[in-house]
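Here are the chains, one letter per residue:
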Amino acid sequence: MSFHHLDQYATVSSPVTRATPTARVLAATAIAVGTAALPLGAWEHLGILAGLVVLVAAAAHVPASLILRRLAGPFVFVLAASTGLLFLVPGTPLIHVGPFGISDAGLQRFGFVLGRASVALTAAVILVSTTSFPELVQALRQLRLPGAVTTALGLGYRLLYLLVDELERLQRAARSRNAGGGTTRRRRLLVGITAAGLARAFSRGERTHRAMLARGFVGDLPSLAPKSWDLGTALTLAVLIVVVIAITLSAHVRS
Amino acid sequence: MAHIPDGFLSAPVMAGTAAASVAGLAVAVHRSRRHLAEREAPVLGAATAFVFAAQMLNFPLGAGTSAHLLGGVLVGTMLGPWAAMLVLFAVVLVQALLFQDGGIGALGANTLNMAILGVGGGMLVYRWILWLAGVGFRRRVAAAALAGAGSTVIVGVAVAVELALSDTVPLAPALVAVGGGHALMGIGEGVITGAVLAMVLRARPELVASVPSPSAWARALAYAGTTGAVTLAIGAAYLASSKPDALEAAAARLGIHEIETAYLAAPFADYTAPLGGALMAAVIGVVAVFTVAWVIGRAVARRRLGA
């Protein structure tokens, strides 16, 4: 198992990938938070932010097909979550579906929440499409996230492939011995596999950590080609953040 | 809907939950370092990888449904609550950044719900039950199962409250839809947590964080707390029985009246027991819920022991 297919556009040279990962994380966070903070009904402002996201995607040379493909999974989830709003928000009923009514307010909120979620999601998709996981961890460390958490992320990422392979091996071994027929037996088998996975995760973790200590690990994963801040990146980021704040604030002032 | 996507929360709620999460995580970082010392890095990394991998396993629950482990309480029983909070935060963070499961803007809320309140609340239930009942094998398994279920319900209620505070959905229907959904998920989470803990306790007991036998004071405190909670629950149930409950309020708002018919099948329709009316109904209700939870917990523990 590997996530390498997720990182294929992280190596494409573009104005976005040349910027330090920290700047990319900050930019994506600014756009996502700015979009999510728009007041209900601020459609024009949402449109402007959507335009901004499209511009960033174009600058990052990430093809639209890739963005749409990676959006599909989370979008289905967001769609399901916002469908609840159709029925749960009180207002003048427009359409009746069985015992439930869809109100005008519900329909509006559904549309706007879905729009906000899609724009914020796209910003996050552009971030992960242009940034590899080690770069992401490096950015989080620069952003002063607790060392315990960034180390857990780095080691966890390293161990995850091993662990998932291990769990698959355990399941394959059980299947090849015809174990786990029927729901109850299968459940018991999965409990065993989960417990075994837990024990193996801890012993693997200890072993990996000892090996890393032997190779001079002092709590910081060094990067081969650390990208640093430059004036252009800092200025672009500053302009982007100011623009997003201005758009969001103006939406609040108008509403 | 455990992971809130971006777009569902208002700016003040996003800011407030983020601030609360930062404060909670700061305490967790401090306490976890003291608890785990130099074991911290490998243990947190392993637990993070485990939670991710375990969430990929789907447990069949029967009737064509399946559930996956959320893992907060299970990891908590291994590493203690503070380290488990950091692990769940790492998981929530990766889910938001890498898989867009939960929004970046809603990260504060999701961290608060799953890492701080979910793990913290669940572990409080775990410790509380152990304080009440003592720390035997069965009791620990039953406590973990109940804590797993409780933690999932806490997450659901927190999500509903945040959605309501954001003015996205009114509180009553949000509680019914999100809280109710999580209550169902909680059953699966409780069973899986208890079962896996039982197996780990048998195979590798050194992995499970030891819980000291409760002191007389801790026991007294737990009993006092439980008495207070039961009294409160009876009071609340008594009050609720004279007002329309969340489901009825939601139904009334949605303009549904047919839902009343569902109560015909209930033994005490609209909570009027034959003896002593509403108060008696409230007492019976609380005792019944408590008994059912206790029986399920014991049954899970015994089955795992006999398996």
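Bear in mind the structure is a predicted one, so any value in this text is a computation, not a measurement.

Caption draft 1: The arrangement of the overall build of chain B in detail. Counting its regular elements, chain B contains 10 helices and 2 strands. Taken from the N to the C terminus, the helices and strands of chain B come in the order α-α-β-β-α-α-α-α-α-α-α-α. Every one of the 307 residues in chain B was classed for burial, and the buried ones make up 51%. Partitioning the intrachain contacts of chain B with sequence separation of at least 6 by distance along the chain shows that 73% fall at a separation of at least 24.

Caption draft 2: Summary view of the overall build of chain A. The number of helices and strands found in chain A is 9 helices and 2 strands. Beginning at the N terminus, the succession of helices and strands in chain A can be written as α-α-α-α-β-β-α-α-α-α-α. Taking 255 residues into account, the globule formula puts the C-alpha radius of gyration at 18 Å, and chain A, at 23 Å, lies well above it. Across its three principal directions, the C-alpha atoms of chain A cover 60 × 60 × 30 Å. With 255 residues in all, chain A has 48% of them scored as buried. In chain A, the proportion of contacts linking residues at least 24 apart, taken out of those at least 6 apart, comes to 75%. Element-wise, carbon and sulfur atoms account for 66% of the exposed surface of chain A, whose accessible area totals about 12300 Å². Averaging the coordinates of the 24 positive side-chain charges in chain A and doing the same for the 10 negative ones gives two points 9 Å apart.

Caption draft 3: Local environment of the domain arrangement of chain A. On domain assignment, one finds that chain A holds domain 1 (15–132 + 226–254) and domain 2 (146–214). Once you take the C-alpha centre of each, domain 1 of chain A and domain 2 of chain A turn out to be 35 Å apart.

Caption draft 4: The interface of chain A and chain B, seen in detail. Each partner contributes to the interface: chain A provides 69 residues, whereas chain B provides 64 residues. Taken together, both faces of the contact between chain A and chain B bury some 5700 Å²; the carbon and sulfur share is 80%. The interface formed by chain A and chain B holds 0 salt bridges in total. Between chain A and chain B we count 3 residue pairs in polar contact (both at pLDDT 80 or more) in total. The set of elements that each furnish at least two residues to the side of chain A that touches chain B consists of helix H2 (21–36), helix H4 (64–88), helix H5 (104–130), helix H6 (133–142), helix H7 (147–176) and helix H8 (183–214) of chain A. Sort the elements by how many residues they give to the side of chain A that touches chain B and H8 of chain A lands first, with 19 residues.

Caption draft 5: Representation of the nonpolar core in the model. Leu-153 and Phe-202 of chain A together with Leu-44, Met-78, Leu-79 and Tyr-126 of chain B are the most contacted members of the largest nonpolar core, which has 149 residues in total. Among the elements that make up this core, the one with the highest residue count is helix H4 (residues 81–99) of chain B (15 residues). Not counting the four nearest positions on each side in its chain, Phe-202 of chain A is found in contact with Val-43, Ala-46, Ala-47, Met-78, Leu-79 and Leu-207 of chain B.

Caption draft 6: Just H4 of chain B, in detail. Residue and element names in this part refer to chain B. End to end, H4 covers 26 Å across 19 residues, agreeing with the expected 27 Å (1.5 Å per residue, within 8%). In terms of burial, H4 is a largely internal element, 17 of the 19 residues being buried. Looking one or two residues past H4, Gln-100 carries a phi angle of roughly 55 degrees, positive in sign.

Caption draft 7: The side chain of Glu-135 of chain A, seen in detail. The topology assignment puts Glu-135 of chain A in helix H6. Other than its neighbours up to four places away in sequence, Glu-135 of chain A contacts Pro-21, Arg-24, Thr-130 and Lys-227 of chain A.

Caption draft 8: Layout of the pattern of salt bridges. Tallied over the entire structure, the rule returns 5 salt bridges over all chains. Glu-166 of chain A is the partner of Arg-169 of chain A in a salt bridge, and the nearest nitrogen-oxygen pair spans 3.6 Å. Highlighted residues: Arg-169 of chain A and Glu-166 of chain A, both in helix H7, separated by 3 residues, approximately one helical turn. For Arg-204 of chain B, the salt bridge goes to Glu-206 of chain B, with nearest N and O atoms at 2.6 Å.

Caption draft 9: Geometry of the confidence of the model for chain B. All names here are of chain B. The pLDDT averaged across chain B works out to 80; a share of 76% of its residues lies at or above 70. In the predicted structure, residues 257–275 sits below a pLDDT of 50 and forms 22 contacts with residues beyond four places in sequence or in another chain. Both scores are available for the predicted complex, with the pTM at 0.82 and the ipTM at 0.87.

Caption draft 10: Local environment of the environment of Ala-57 of chain A. All names here are of chain A. Positionally, Ala-57 belongs in helix H3 (residues 43–59). Expressed as a C-alpha distance, the spacing of Ala-57 and Arg-109, which sit 52 residues apart in the sequence, is 27 Å. Excluding its chain neighbours within four sequence positions, the residues that come into contact with Ala-57 are Val-62, Ile-67 and Ile-126.

Caption draft 11: View of the packing of H3 of chain A against H5 of chain A. Residues and elements named next belong to chain A. Across the interface, H3 lies against H5 with an axial gap of 10 Å and an inter-helix angle of 20 degrees. Taken as axis vectors, H3 and H5 run roughly parallel relative to one another. With respect to the hand of their crossing, H3 and H5 are arranged in left-handed fashion. Across the interface between the two elements, Trp-43, Leu-46, Leu-49, Ala-50, Val-53, Val-56 and Ala-57 of H3 pack against Gln-108, Gly-111, Phe-112, Gly-115, Arg-116, Val-119, Thr-122, Ala-123 and Ile-126 of H5. Residue composition of the contact of H3 with H5, grouped by class: 11 nonpolar, 4 polar and 1 charged.

Reading the values: the criteria
Residues numbered from 1 in each chain as written. Chains lettered and ligands numbered in written order. Predicted model: local features only at pLDDT ≥ 70, side-chain atom pairs only at ≥ 80, totals over all residues. Heavy atoms only, no water. Helix = DSSP H or I, 4+ residues; strand = E, 2+ residues; numbered from the N terminus. Buried < 20%, exposed > 50% of the residue type's maximum accessible area, 1.4 Å probe, protein only. Contact = heavy atoms within 4.5 Å. Rg over C-alpha atoms; globule rule 2.2 N^0.38 Å. Areas by Shrake-Rupley, 256 points an atom, 1.4 Å probe, with all protein chains shown as cover. Lys, Arg positive; Asp, Glu negative; His and termini not counted. Charge placed at Lys NZ, Arg CZ, Asp CG, Glu CD. Domains from an automatic or database assignment. Buried area = accessible area lost by both parts, 1.4 Å probe. Salt bridge = Lys/Arg side-chain N within 4 Å of Asp/Glu carboxyl O. Polar contact = N/O pair within 3.5 Å; in protein donor to acceptor, adjacent residues only side chain to side chain. Core = buried A, V, L, I, M, F, W, Y, C linked by side-chain atoms within 4.5 Å. Expected span 1.5 Å × (residues − 1). pLDDT = per-residue confidence, 0-100. Axes fitted to C-alpha atoms, helices over the stretch in contact; angles between N-to-C directions. Parallel < 35°, antiparallel > 145°, perpendicular 65-115°, else oblique. Left-handed = near helix turned anticlockwise from the far one by under 90°. Nonpolar A, V, L, I, M, F, W, Y, C, P; charged D, E, K, R; others polar.

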